[in-house]
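# Per-entry structural report
Residues per chain, in single letters:
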Amino acid sequence: MAVALTRAPARPFARPKEEHGFWSWISTVDHKRIGILYGVTAFLFFIVGGSEALMIRMQLAAPNGKVLTADEYNQLFTMHGTTMVFLVIMPLAAAFGNYFVPLLIGARDVAFPRLNAFGYWVFLSGGLLLYSSFLFGGAPNGGWFGYAPQTIGRFSPGHGIDFWLVGLIITGIGSLTAAANFIVTTLNLRAPGMTLMRMPVFVWMNLVVSFLLLFAIPIITVALFELYFDRNFGSNFFNANLGGDPVLWQHLFWLFGHPEVYILILPAMGIVSEVLPVFSRKPLFGYSVVVFSGIAIGFMGWGVWAHHMFAVGLGPVANSAFAASTMFIAVPTGVKIFNWLATTWGGDLRLKTPMLFALGFIGMFTIGGLSGVTHAVVPADYQQTDTYYIVAHFHYVLFGGAIFGLFAGAYYWAPVVTGKMLDETLGKIHFWLMLIGFNLAFGPMHILGLQGQPRRTYQYPKGMGWDFWNAVSTIGAFTIALSILTFTINIFKTMKSKERAPQDPWDARTLEWTIPTPPPEYNFAEIPVVHARDDFWHRKYTEDEQGRLVRIPSGGSDETSALHEQHADSDDSGHGDGHGHGIHMPSPSYFPALASVGIMIVGYGAIYHWWIGAIGGVILLAGVFGWGNEPLSE
Amino acid sequence: MQTAIAPAPHTPAPGDHDYSVTGIDSRKLGMWGFLASECLFFGALISSHLLYRARAPQGVKIPHDVYDIPYTSVSSFVLLMSSLTMVLALAAIQRGDHHRLRIWLLATAFLGTLFVGGQVYEVTVFTHEGLNLSSSVAASSFFVLTGFHGVHVTVGILWLLSLAGISLRGKLPAENHLWVEIAGLYWHFVDVVWILIFTVVYLVPNKH
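Note that the coordinates shown come from a computational prediction; the quantities given were computed from them, not determined experimentally.

## Some points on the overall build of chain B
In terms of regular secondary structure, chain B is built from seven helices and zero strands. Listed N to C, the secondary structure of chain B is α-α-α-α-α-α-α in terms of helices and strands. When the backbone C-alpha atoms are referred to their principal axes, chain B occupies close to 70 × 35 × 25 Å. Looking at chain B as a whole, 45% of its 208 residues are labelled buried. Considering only contacts in chain B between residues 6 or more positions apart, those separated by 24 or more positions represent 80%. Total accessible area computed for chain B in this model is approximately 9,700 Å², and 69% of it derives from carbon and sulfur atoms. Here chain B contributes 11 positively and 12 negatively charged side chains, and the mean placements of these two sets differ by 3 Å.

## Notes on the domain arrangement of chain A
All names here are of chain A. Under the domain assignment used here, chain A contains domain 1 (19-505) and domain 2 (521-578). Put simply, the middle of domain 1 and the middle of domain 2, counted by C-alpha atoms, are 34 Å apart. Interface area, domain 1 with domain 2, both sides summed: about 1,700 Å², of which 53% is carbon and sulfur. When the area that domain 1 buries against domain 2 is broken down by residue, the three leading residues are Arg108, Arg198 and Arg281, summing to 33%. Between Asp504 and Lys540 there is a salt bridge; the shortest N-O distance is 2.6 Å. Inspection of the region where domain 1 meets domain 2 yields 13 residue pairs in polar contact (both at pLDDT 80 or more).

## Concerning the environment of B:Ile93
All names here are of chain B. Relative to the elements of secondary structure, Ile93 occurs in helix α4 (residues 69-95). Using a relative accessible area of 0% as the deciding quantity, one classes Ile93 as buried. Separated by 81 residues in sequence, Ile93 and Pro12 place their C-alpha atoms 22 Å apart. In this structure Ile93 touches His98, Leu101, Leu172, Pro173, Ala174, Asn176, His177 and Val180, once residues within four positions along its chain are discounted.

## Remarks on the side chain of A:Thr353
Examined against the element boundaries, A:Thr353 turns out to sit in helix α11 (residues 353-376). Among the residues examined, A:Thr353 registers a relative accessible area of 0% and is labelled buried.

## As for the interface of chain B and chain A
Taken together, the 36 residues of chain B in the interface contact 38 residues of chain A. Together chain B and chain A conceal approximately 3,100 Å² of surface at their shared face, both sides included; 69% is due to carbon and sulfur atoms. Ranking the residues of chain B by area buried against chain A places B:His17, B:Leu40 and B:Tyr52 at the top, with a combined share of 17%. When the shortest N-O distance is used, the salt bridge between B:Arg55 and A:Asp245 registers 3.6 Å. The interface formed by chain B and chain A holds 13 residue pairs in polar contact (both at pLDDT 80 or more) in total. In terms of residues, the side of chain B that touches chain A owes the most to one element, helix α2 (residues 26-52) of chain B, which gives 14 residues. Partitioning the side of chain B that touches chain A into residue classes produces 17 nonpolar, 15 polar and four charged.

## Focus on the confidence of the model for chain B
Averaged over every residue, the pLDDT of chain B is 92; the share at 70 or more is 94%. Predicted complex, confidence summary: ipTM 0.93, pTM 0.93.

## Observations concerning the pattern of salt bridges
All names here are of chain A. Scanning the model with the defined rule gives 18 salt bridges over all chains in all. Note that Asp535 and Arg539 form a salt bridge whose closest N and O atoms lie 3.1 Å from each other. Of this pair, Asp535 and Arg539 are both found in helix α16 (residues 535-540), four residues apart, which corresponds to roughly one turn of the helix. Here Arg539 falls in the partly exposed class, since its relative accessible area comes to 22%.

## With respect to the nonpolar core
Residues and elements named next belong to chain A. Core analysis: the largest hydrophobic core is formed by 238 residues, its most contacted members being Phe361 and Trp413. No other element matches helix α7 (residues 201-232), which puts 21 residues into this core. Both domains that meet at this core, namely domain 1 (19-505) and domain 2 (521-578), each give it at least three residues. The residues touching Phe361, leaving out its near neighbours within four places in the chain, are Ile265, Ala268, Met269, Val272, Trp340, Thr366, Gly400, Gly401, Ala402, Phe404 and Gly405.

## Comments concerning the packing of helix α4 (residues 70-104) of chain A against helix α5 (residues 113-132) of chain A
Residues and elements named next belong to chain A. Two elements in contact, α4 and α5, have axes whose closest approach is 12 Å; the angle formed by their N-to-C orientations is 165°. Between α4 and α5, the angle is such that the two are roughly antiparallel. Viewed along their axes, α4 and α5 form a crossing whose handedness is left-handed. Seen from α4, the contacting residues are Met79, Thr82, Thr83, Phe86, Leu87, Pro91 and Asn98; seen from α5, they are Asn116, Phe123, Gly127, Leu130 and Tyr131. Residues belonging to the contact of α4 with α5 are distributed by class as follows: seven nonpolar, five polar and no charged.

## Quick notes on the packing of aromatic side chains
Enumeration according to the criterion identifies 80 aromatic pairs over all chains in this entry. An angle of 15° between the planes, with centres 5.5 Å apart, marks the rings of A:Phe357 and A:Tyr411 as stacked. Residue A:Phe357 is located in helix α11, and its partner A:Tyr411 is located in helix α13 (residues 388-418); the two are separated by 54 residues in the primary sequence. Note on accessibility: A:Phe357 and A:Tyr411 belong to one class, buried. Taking 5.4 Å as the distance between ring centres and 45° as the angle between the ring planes, the aromatic pair formed by B:Trp159 and B:Tyr186 counts as tilted. On the criterion of sequence distance, the pair formed by B:Trp159 in helix α6 (residues 137-168) and B:Tyr186 in helix α7 (residues 177-203) is long-range, its members being 27 residues apart.

## Focus: the confidence of the model for chain A
Low-pLDDT stretches of the model should not have their predicted coordinates read in fine detail. Residue and element names in this part refer to chain A. The predicted model of chain A has a mean per-residue pLDDT of 92, with 94% of residues at 70 or higher. The low-confidence segment residues 555-562 (pLDDT under 50) makes nine contacts with residues lying over four places distant or belonging to another chain. In this model, residues 564-579 is a region of pLDDT below 50 whose contacts with residues beyond four sequence positions or in other chains number 30 contacts.

## Topic: a nonpolar patch on the surface
Taken together, A:Met55, A:Met58, A:Val67 and A:Phe478 make up a surface patch of nonpolar side chains, about 320 Å² in accessible area. By the secondary structure assignment, A:Met58 is in helix α3 (residues 31-60).

## Notes on α4(A)
All names here are of chain A. The end-to-end C-alpha distance of α4 is 48 Å, a good match for the 51 Å that 35 residues give at a rise of 1.5 Å each. The largest bend in α4 is about 35°, located at Thr83. Among the 35 residues in α4, 31 count as buried, and that is most of the element. Where α4 terminates, the next one or two residues include Gly106, which has phi positive at roughly 75°.

## So, unusual backbone geometry
Residues and elements named next belong to chain A. Pro149 follows Ala148 through a cis peptide bond whose omega is 5°. Its location among the elements puts Pro149 in the loop between α5 and α6 (160-188). A cis amide bond links Thr517 to the next residue, Pro518, at an omega of -15°. Among the structural elements, Pro518 can be located in the loop between α15 (467-496) and α16.

Reading the values: rules and limits
Residues numbered from 1 in each chain as written. Chains lettered and ligands numbered in written order. Predicted model: local features only at pLDDT ≥ 70, side-chain atom pairs only at ≥ 80, totals over all residues. Heavy atoms only, no water. Helix = DSSP H or I, 4+ residues; strand = E, 2+ residues; numbered from the N terminus. Buried < 20%, exposed > 50% of the residue type's maximum accessible area, 1.4 Å probe, protein only. Contact = heavy atoms within 4.5 Å. Areas by Shrake-Rupley, 256 points an atom, 1.4 Å probe, with all protein chains shown as cover. Lys, Arg positive; Asp, Glu negative; His and termini not counted. Charge placed at Lys NZ, Arg CZ, Asp CG, Glu CD. Domains from an automatic or database assignment. Buried area = accessible area lost by both parts, 1.4 Å probe. Salt bridge = Lys/Arg side-chain N within 4 Å of Asp/Glu carboxyl O. Polar contact = N/O pair within 3.5 Å; in protein donor to acceptor, adjacent residues only side chain to side chain. Nonpolar A, V, L, I, M, F, W, Y, C, P; charged D, E, K, R; others polar. pLDDT = per-residue confidence, 0-100. Core = buried A, V, L, I, M, F, W, Y, C linked by side-chain atoms within 4.5 Å. Axes fitted to C-alpha atoms, helices over the stretch in contact; angles between N-to-C directions. Parallel < 35°, antiparallel > 145°, perpendicular 65-115°, else oblique. Left-handed = near helix turned anticlockwise from the far one by under 90°. Phe/Tyr/Trp six-rings, centres within 6.5 Å; stacked < 30°, edge-to-face > 60°. Patch = residues over 30% accessible without salt bridge, like charges linked within 9 Å, V, L, I, M, F, W, Y side chains within 5 Å. Expected span 1.5 Å × (residues − 1). Bend = angle between axes of the 7 residues up to and from the residue.

So, in structure tokens, the structure goes:
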């Protein structure tokens with residue numbers, strides 16, 4: 001009692017102690033729980049963004065659709081694109097990165113646990129601010145690319161675009177802190193023996209993505225600020241009457257926007273590179289080539305942005321240069337595809353749900369990649385620009401690619417996160433519904449686009465020959481919705497189920513399967529020493545003279561059960577002073593969430609009145625100083 | 001002498017929070033990452049200005065018409081000197097000399113404040129001469145670029161003052177010299193960016 005009295009006045013907030021319930025999630029600094037927060041939030045945004053897509057498809061199901069007005073349509077396609085890019089695929093990749101990067105490199109935590117929590121809360125703040133625009137007079141309606149001068153105050157009155165600008169600046173802060181955290185974690189916290197060229201490919205791709213974020217986010221932030229000042233403080237960056245240049249916006253946006261494409265796809269490529277070897281029971285074919293191709297994509301991704309601008313009129317020299325670089329970037333991408341195929345070649349394939357999604361990824365992503373190469377041909381692109389052909393292309397890479405890859409990861413790693421397996425039957429139904437629905441929804445868009453149906457147009461007249469394929473596409477979209485419903489049912493069923501997944505159910509290759517599931521707060525009771533790439537596999541198997549796999553008798557399984565006993569002895573709640581192993585983990589903290597609330601209020605201040613911003617600023621400062629004065633762990 | 005005062009070196013083991021494979025402290029590496037990102041931030045702002053620097057309607061002033069190079073040279077020199085005092089602050093805490101640490105931290109913050117004050121004065125003069133945020137695209141890009149730089153200096157000043165305050169309360173022991181070093185990295189970066197802005201934006205001549 002006396003101790004409590006002497007300690008209490010020292011600080012305004014008592015250090016959170018909750019281990020369960022609402023406040024424990026608000027104050028958590030555990031990378032695994034933050035990963036779960038990212039995943040759940042992004043999945044909810046996925047449902048919202050998907051519903052927006054369904055409304056768009058209902059409007060376009062037949063000629064002269066009456067479901068939506070033109071303005072509502074503009075808001076919905078803007079929010080659909082913005083949501084799926086910034087609030088779904090990026091945070092889903094962050095969810096996997098947060099949860100699995102430390103586990104895959106044999107670390108107990110990320111380098112900056114509180115900054116990690118801050119990144120999540122800032123992302124959530126930005127997303128909520130963006131969506132609150134629906135309540136405050138209408139959502140942004142300028143497209144996810146927000147082309148200026150279309151989006152300057154004179155042509156886009158109201159606050160919709162301001163919500164878009166401020167929301168994206170705020171989520172950008174979250175991406176930046178996450179990127180810095182991942183880079184330092186990956187470089188500094190690897191277990192002994194985990195050299196760079198022994199790291200799992202997912203960790204590599206996450207590292208490349210982090211560097212892309214680090215350099216791409218500030219560029220769009222500048223563009224967003226310039227437009228924000230134009231709209232709110234009378235600057236003239238994009239006022240054509242005074243010589244403001246619309247191409248400046250496009251350059252800044254796409255100089256961010258093209259690396260962004262790789263930010264979205266590389267994590268999925270990493271996940272697939274983990275899944276394929278496990279379900280083929282072969283090592284990844286050409287590991288170093290896959291890694292270097294990923295790095296090459298990361299570098300070359302900076303030299304192709306103007307292929308989004310072929311129709312702008314940059315001139316034949318610029319167009320030819322960017323056409324060449326765009327075709328060239330298909331080479332490392334193609335290399336990866338062949339490496340994945342070679343990984344499965346001659347393998348002992350097991351067509352479990354994660355493997356189906358990984359194979360689906362390869363097929364769909366290849367189609368999207370091929371249609372992408374057709375855009376690189378400038379004269380062809382003149383024809384395709386702003387038609388549904390483009391919509392078909394990027395959905396094949398971002399849905400057929402990224403989303404299929406992320407679902408492969410969800411099914412593959414669910415046993416680690418929950419300690420339970422997702423249902424295989426429902427999983428397979430999910431996969432086939434999604435594959436069929438996806439191709440029905442987006443396959444016909446190739447045809448529609450080449451027939452000339454324009455994007456971002458809320459109605460099309462009868463008699464253009466577009467009716468049939470649009471109807472098919474809408475049926476496809478609802479089939480996808482059905483598949484996502486199946487997945488949701490699968491999650492609830494798994495949550496209710498009492499059946500525990502066996503340790504290492506897929507006979508996997510990497511470190512996250514060597515620890516109990518769900519992992520204790522400190523991940524590894526003892527930090528592993530890594531001796532090889534796919535270290536866990538080599539602990540379990542060796543080869544005989546004919547090169548056949550032989551299970552090491554005293555290997556993996558025994559080792560794992562020994563591990564189980566070891567962990568059973570310990571205080572598995574993972575809290576308290578001793579942590580069972582004398583491992584000291586960072587303490588929870590309210591301040592990252594508090595600082596994010598401050599940033600969100602500053603955001604509203606930036607849209608409405610300075611005094612709202614001042615309140616937010618005070619909260620932000622309180623959060624930052626509280627954070628700075630609080631020791632990492634106590 | 002330094003080694004005599006410095007506490008016994010603690011070598012973090014794998015799994016410890018301060019463990020580092022590269023040997024670079026994680027916080028320092030994180031700061032370098034952030035500064036790398038800032039390069040692109042200022043790079044995009046400077047590029048926007050370079051595109052727009054001479055664009056204004058007939059008879060409307062562009063920034064080059066109102067620059068006072070001798071004045072800005074002096075304020076640039078002031079900022080440059082603050083990097084020197086920053087280095088002295090770091091050297092002081094590494095020696096364990098907390099009194100001089102606070103003197104040099106406050107001196108750095110003072111020089112920074114002098115620079116920001118000079119910026120505010122400059123903007124006031126420019127506005128009176130007819131160059132403001134709205135007058136031309138050249139002016140817009142100039143004010144947004146230098147404004148963001150000024151905000152960065154201001155954040156740096158707050159940071160330095162916080163460190164001085166923490167030190168005054170006796171909570172900045174010599175073994176935490178990394179805190180000063182990281183603040184210094186930021187401060188030098190902001191300083192270097194200004195040298196770039198002063199050269200490219202102010203000094204490189206420009207035709208209307």
